[in-house]
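The primary structure of each chain is shown beneath.
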Amino acid sequence: MRSLNRRYAVTAYLFLLPAVVFFGIFFYLPIANILSTGTQTGPQANVPAGIDNYVKAFGDAAMHNSFKVTLIFAVATTVGSIVLGLGLALLLDRPLKGRVVFRAALLVPYLTSVAIVGLLWRNILDPQLGILNRLLDSAGLPQQQWLNTHPLATIVAVTLWQHVGYTMVLFLAGLQGIPETYAEAAKIDGASPSQQFWRITLPLLAPTTLFVSVMSVISGLQAFGQAYIITGGGPANQTDLYVFHVFNVAFTSRDFGYSSALSFLLLIVIVLFTTLQLRAGRRAEVQY
Amino acid sequence: MRRALTYAALGLVCAITVVPLLYMLSLSLQTEAETLAADPVLLPSDPQFGNYATLFERAPFGNFIVNSLVVAGGITIAHLVFDPLVGYAFAKFRFPLRNTLFVLLLATLMVPFFVRMIPLYVMMANLGWLNSYQALITPFLMDAFGIFLMRQFIQPIPDDLIAAARIDGASEFRIYLRIILPQVRPALAVLGLFTFVFQWNEFLWPLVATTTENMRTIPVGLTLFNQEYFTLWHLTAAGSVILFVPTALLFLFSQRYLVRGITLTGLK
């Protein structure tokens, strides 16, 4: 029964019909539209503009700033969540009492909406009202203007707070997929714990690390709520995340042509990044 | 000694993740004056459960809740109906263009939502659908991740089972309903859970696709509320708690499914 009869092809198409219609209208049509709108201008995006929007983007200081901010944000959240997520997974990957409770506590922020996270941390970080400065104060440490002096680092930290449980779960699954025999063999050969980690565990986790980094970079490049809710892009555009920037160009400046061009540029960057990471990953896997 | 250090480290990190959320609960029970005090109040002296009622007086919060339920619930049902249907076709049928269509499906995974955002907005505006459930639901009726997940689970079901049902004269759709779907119930649970939590928390599209206050979902309603009445932290916190409760309950009762879902799909 490997290959089913040809007449079942009709049945298959019937099963597929909703998907063809849906992805056609809601994925492929929008992509086609963003390409064509990107070459138009005017308040209704109805005046042909060729590549003007793209030329404008390359000379646009606001866009450069926003792109730089977003790149830093994406890389920082990715590195941070890999280091923290792996560290926590290593701590939890042993027979501990209350493992399930620890895992749950770490995972809870991941399940909250960015709206909650943003508003809650805006309150906690508030220089006057917030409990964080109050804590610093009672510990005898100087109070901080978090969102004024280190706005980007602060929203990176808040994002890590929300996402670390997610990467931790992925790394935990990766660790549990490594057979015990490797560790035992290494121990017999006299490998120190740190040698075991760097030479055996980490290389074997390469696929997980790659997956986590691809997902994390992509979601970092698309971050929006942190800027919209916590900082409003400020101060002085230091947290003008790209999607927030595009959002403002589209819905505040009402420039659909330019915002479409900007969206398309970010799509290219994301596709490039993903391809590069996957290629690098394949090489890393071949080595071991 | 090492064990104690491990517990201490994990305890500290868990405190950092959980305490802010508990503080949100505390804020939601404080008086307005307490939320604005120069010395932040850790525990309300006299818990103001009335804050939760005030929420409904000061904003159309009942609408926000209904909207969120209709949108997240509707999208979840759509995924549970469509994703396995399409997954089944790819898992068990051979037909012309099968690989091409599958590649086109997986390619949509590379398209982040914001790339669709502006064209979708224009499309909805042209249809006159802005500020409607159609606008909030239709762009998310299916999901390539979900289809892929269902395909992976349907593939191992023996072909003989399907063949035997055909010989017995069962219709194709009946085979799907009676044989395929019951076999993948755990996967459907994972898919439903993820879809609901993700859509319940969704922020960007409901913000873009709705402008009237009555059509806002809870996440968007919360921020509006917060900007309009800038300092009403007790109400913002109460609203956040309400937004958080269904996810927390789902999580409590199905933690294993959720963790499995994350490791299986890496769904965001």
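Because the structure is a prediction, the values reported are computed rather than measured.

Before going further, it helps to spend a moment on the overall build of chain A. Each helix and strand in chain A was counted, giving 14 helices and 2 strands. Taking 2.2 N^0.38 as the reference for a compact globule, 288 residues should give roughly 19 Å; the C-alpha atoms of chain A span a radius of gyration of 24 Å, well beyond that estimate. Seen through its C-alpha atoms, chain A measures out along the principal axes to roughly 75 × 70 × 35 Å. Every one of the 288 residues in chain A was classed for burial, and the buried ones make up 52%.

Counted residue by residue, helix H13 (residues 242–251) of chain A has 9 buried out of 10 residues, so it is predominantly covered. For H13(A), the complete set of buried residues consists of Tyr242(A), Val243(A), Phe244(A), His245(A), Val246(A), Phe247(A), Val249(A), Ala250(A) and Phe251(A).

All right, on to the packing of helix H1 (residues 8–37) of chain A against helix H4 (residues 61–92) of chain B then. Interhelical geometry of H1(A) versus H4(B) gives an angle of 140° and a closest axis separation of 8 Å. The orientation of H1(A) with respect to H4(B), classified from their angle, is oblique. Classified by chirality, the crossing of H4(B) by H1(A) is left-handed. Between H1(A) and H4(B), the contacting residues are Ala12(A), Phe15(A), Leu16(A), Pro18(A) and Ala19(A) on the first element and Phe82(B), Leu85(B), Val86(B), Tyr88(B), Ala89(B) and Phe90(B) on the second. A breakdown of the residues in the contact of H1(A) with H4(B) according to their chemical character gives 11 nonpolar, no polar and no charged.

Bringing the interface of chain A and chain B into the picture now. On the side of chain B, 98 residues touch chain A, which itself brings 87 residues to the contact. Interface area for chain A against chain B, summed over the two sides, is near 8400 Å², with a carbon-plus-sulfur share of 77%. Considering only the surface of chain A that becomes buried against chain B, Phe15(A), Phe26(A) and Leu111(A) emerge as the three largest contributors, covering 9% of it. At the junction of chain A with chain B, the criterion picks out 0 salt bridges. The element best represented in the side of chain A that touches chain B is H1(A), accounting for 20 residues.

Following the sequence through the fold, Gln30(B) ends up in the loop between helix H1 (2–28) and helix H2 (32–35). Take Gln30(B): its relative accessible area is 0%, and that puts it in the buried class.

Looking now at the UniProt feature "domain: ABC transmembrane type-1" (unreviewed entry) in chain A. Within this structure's numbering, the places UniProt gives as "domain: ABC transmembrane type-1" (unreviewed entry) are residues 67–277 of chain A. With 76% helix and 0% strand, residues 67–277 of chain A has its two end C-alpha atoms placed 19 Å apart.

Let us now look at a nonpolar patch on the surface. There is a patch of nonpolar side chains on the surface, built from Leu17(A), Val21(A), Ile25(A) and Leu29(A) and spanning about 330 Å² of accessible area. Take Val21(A): it is sitting in helix H1.

Before going further, it helps to spend a moment on the UniProt feature "transmembrane region" (unreviewed entry) in chain B. Residue and element names in this part refer to chain B. According to UniProt, the positions carrying the feature "transmembrane region" (unreviewed entry) are residues 61–82, 102–124, 136–154, 175–198 and 232–253. For residues 61–82, the end-to-end C-alpha separation is 31 Å, with 100% helix and 0% strand making up the annotated structure. Segment residues 136–154 splits into 68% helix and 0% strand. End C-alpha atoms: 30 Å apart.

Where side chains of opposite charge bring their charged atoms close, a pairing between them can arise. Residues and elements named next belong to chain B. Evaluation of the coordinates by the stated rule reveals 3 salt bridges over all chains. The closest approach of N and O atoms between Asp 159 and Lys 92, which form a salt bridge, is 2.8 Å. Placement of Asp 159 in helix H9 (residues 159–167) and of Lys 92 in helix H4 is noted, with a sequence separation of 67 residues between them. Its salt-bridge partner being Arg 166, residue Glu 172 comes within 2.6 Å of it at the nearest N-O pair. On the basis of relative accessible area, Glu 172 is assigned to the buried category, the value being 15%. The exposure class of Arg 166 is buried, given its relative accessible area of 12%.

It is worth spelling out the nonpolar core at this point. In this structure, Phe224(A), Tyr88(B), Phe203(B), Trp205(B) and Ile262(B) are the most contacted members of the largest nonpolar core, which totals 177 residues. Among the elements that take part in this core, helix H8 (residues 151–176) of chain A stands out by supplying 14 residues, more than any other. Not counting residues up to four positions away in its chain, the partners in contact with Phe224(A) are Leu241(A), Val243(A), Phe244(A), Phe247(A), Phe203(B), Leu204(B) and Leu207(B).

Each neighbour pair has its own omega, and for Gly234(A) with Pro235(A) the value is -10°, a cis peptide bond. Checked against the element boundaries, Pro235(A) lands in the loop between helix H12 (225–231) and H13. We note that Asn237(A) has phi near 60°; this positive angle belongs to a residue other than glycine. Relative to the assigned elements, Asn237(A) resides in the loop between H12 and H13. In the Ramachandran plot, Leu97(B) falls in the positive-phi region, its phi being about 70° despite a non-glycine side chain. Examined against the element boundaries, Leu97(B) turns out to sit in the loop between H4 and helix H5 (98–107).

On to the UniProt feature "transmembrane region" (unreviewed entry) in chain A, then. Here, UniProt's "transmembrane region" (unreviewed entry) annotation points to residues 12–31, 71–92, 104–124, 152–175, 196–218 and 256–276 of chain A. Between the end C-alpha atoms of residues 104–124 of chain A the distance is 23 Å, and the span holds 71% helix and 0% strand.

Quick look at the confidence of the model for chain A now. Across chain A, the average pLDDT comes to 88, with 96% of residues at or above 70. Across chain A, the secondary-structure element scoring lowest on mean pLDDT is strand E2 (residues 47–48) of chain A, at 80, and the one scoring highest is helix H3 (residues 61–92) of chain A, at 95.

Residues and elements named next belong to chain B. By secondary structure assignment, the location of Pro 44 is in the loop between H2 and helix H3 (50–58). According to the relative accessible area criterion, Pro 44 is buried, its value standing at 15%. In sequence terms Pro 44 and Gln 30 are 14 residues apart; their C-alpha atoms lie 5.0 Å from each other. Discounting chain neighbours no more than four positions away, the residues touching Pro 44 are Ser 26, Leu 29, Gln 30 and Glu 34.

Rules behind the numbers
- Residues numbered from 1 in each chain as written.
- Chains lettered and ligands numbered in written order.
- Predicted model: local features only at pLDDT ≥ 70, side-chain atom pairs only at ≥ 80, totals over all residues.
- Heavy atoms only, no water.
- Helix = DSSP H or I, 4+ residues; strand = E, 2+ residues; numbered from the N terminus.
- Rg over C-alpha atoms; globule rule 2.2 N^0.38 Å.
- Buried < 20%, exposed > 50% of the residue type's maximum accessible area, 1.4 Å probe, protein only.
- Axes fitted to C-alpha atoms, helices over the stretch in contact; angles between N-to-C directions.
- Parallel < 35°, antiparallel > 145°, perpendicular 65-115°, else oblique.
- Left-handed = near helix turned anticlockwise from the far one by under 90°.
- Contact = heavy atoms within 4.5 Å.
- Nonpolar A, V, L, I, M, F, W, Y, C, P; charged D, E, K, R; others polar.
- Buried area = accessible area lost by both parts, 1.4 Å probe.
- Salt bridge = Lys/Arg side-chain N within 4 Å of Asp/Glu carboxyl O.
- UniProt positions renumbered as here; feature names shortened; annotations may be inferred.
- Patch = residues over 30% accessible without salt bridge, like charges linked within 9 Å, V, L, I, M, F, W, Y side chains within 5 Å.
- Areas by Shrake-Rupley, 256 points an atom, 1.4 Å probe, with all protein chains shown as cover.
- Core = buried A, V, L, I, M, F, W, Y, C linked by side-chain atoms within 4.5 Å.
- pLDDT = per-residue confidence, 0-100.

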